[in-house]
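Spelled out, the chains give:
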Amino acid sequence: MDRPNYITPAGYAALKAEYDALFATERPQLVETIAWAAGNGDRSENGDYIYGRKRLREIDRRLGWLSKRMKAAKVVDPARQEDRNRVFFGATVTIADEDDNQRILTLVGDDEADAGKGLIGWNAPLARALRGAALGDLRRVALPGGEREYEVIAISYP
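Residues numbered from 1 in each chain as written. Predicted model: local features only at pLDDT ≥ 70, side-chain atom pairs only at ≥ 80, totals over all residues. Heavy atoms only, no water.

> Explain the side chain of R69 to me, using residue names and the numbers behind them.
With respect to the helices and strands, R69 occurs in helix α2 (residues 47-72). A polar contact of 2.9 Å, which involves the side chain of R69, links it to the side chain of D111. (Helix = DSSP H or I, 4+ residues; strand = E, 2+ residues; numbered from the N terminus. Polar contact = N/O pair within 3.5 Å; in protein donor to acceptor, adjacent residues only side chain to side chain.)

> Give a description of the pattern of salt bridges that names residues and reports values.
Here the structure, examined in full by the defined rule, presents 14 salt bridges. For the salt bridge of D137 with R139, the shortest nitrogen-to-oxygen distance reads 3.8 Å. For D137, a relative accessible area of 24% puts it in the partly exposed group. Looking at R139, the relative accessible area reads 22%, which means it is partly exposed. Between E147 and R140 there is a salt bridge, with its nearest N and O atoms 3.5 Å apart. According to the relative accessible area criterion, R140 is partly exposed, its value standing at 47%. What emerges from the salt-bridge pattern is a single network uniting E26, K54, R55 and E58. (Salt bridge = Lys/Arg side-chain N within 4 Å of Asp/Glu carboxyl O. Buried < 20%, exposed > 50% of the residue type's maximum accessible area, 1.4 Å probe, protein only.)

> Give a description of helix α1 (residues 9-38) that names residues and reports values.
An ideal rise of 1.5 Å per residue puts 44 Å on 30 residues; α1 measures up with 42 Å between its terminal C-alpha atoms. Of all the bends in α1, the largest measures some 35 degrees and sits at L22. The inward-facing, buried residues of α1 abut β1 (5-7) and α2. (Expected span 1.5 Å × (residues − 1). Bend = angle between axes of the 7 residues up to and from the residue. Contact = heavy atoms within 4.5 Å.)

In structure tokens, the structure reads:
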């Protein structure tokens, strides 16, 4: 990876919880089901066996991805941010566009981004434009719907 995988403590805990649930619970149950299904004879038309093997491959792929992301993760606690007058990782920012429509966004790691909840990934175009911004700063962002200008109205950290 060419850039660090920043993540909040809560985001890292969520990745770890998913890994633990898949590895300690779901995967062993699935292996047991596959072994039972394999003992039933003809595997070519055995739905439990076929679906189980497919799901096992999906789980193993996801476990590999989660493992890689957790190893590359750099946990950053936004509550420890010293300069609270500028937008950095973990900041909750209130912005307004040219039409005075306000949005509240929190800059989080790319693995924990959820636009519907106002969590935008650290490397998203809007987040990159807001990095380092102070109150009252105007930032122009090239978005898929066209270029927009936003003003930073408020900045807070947990």
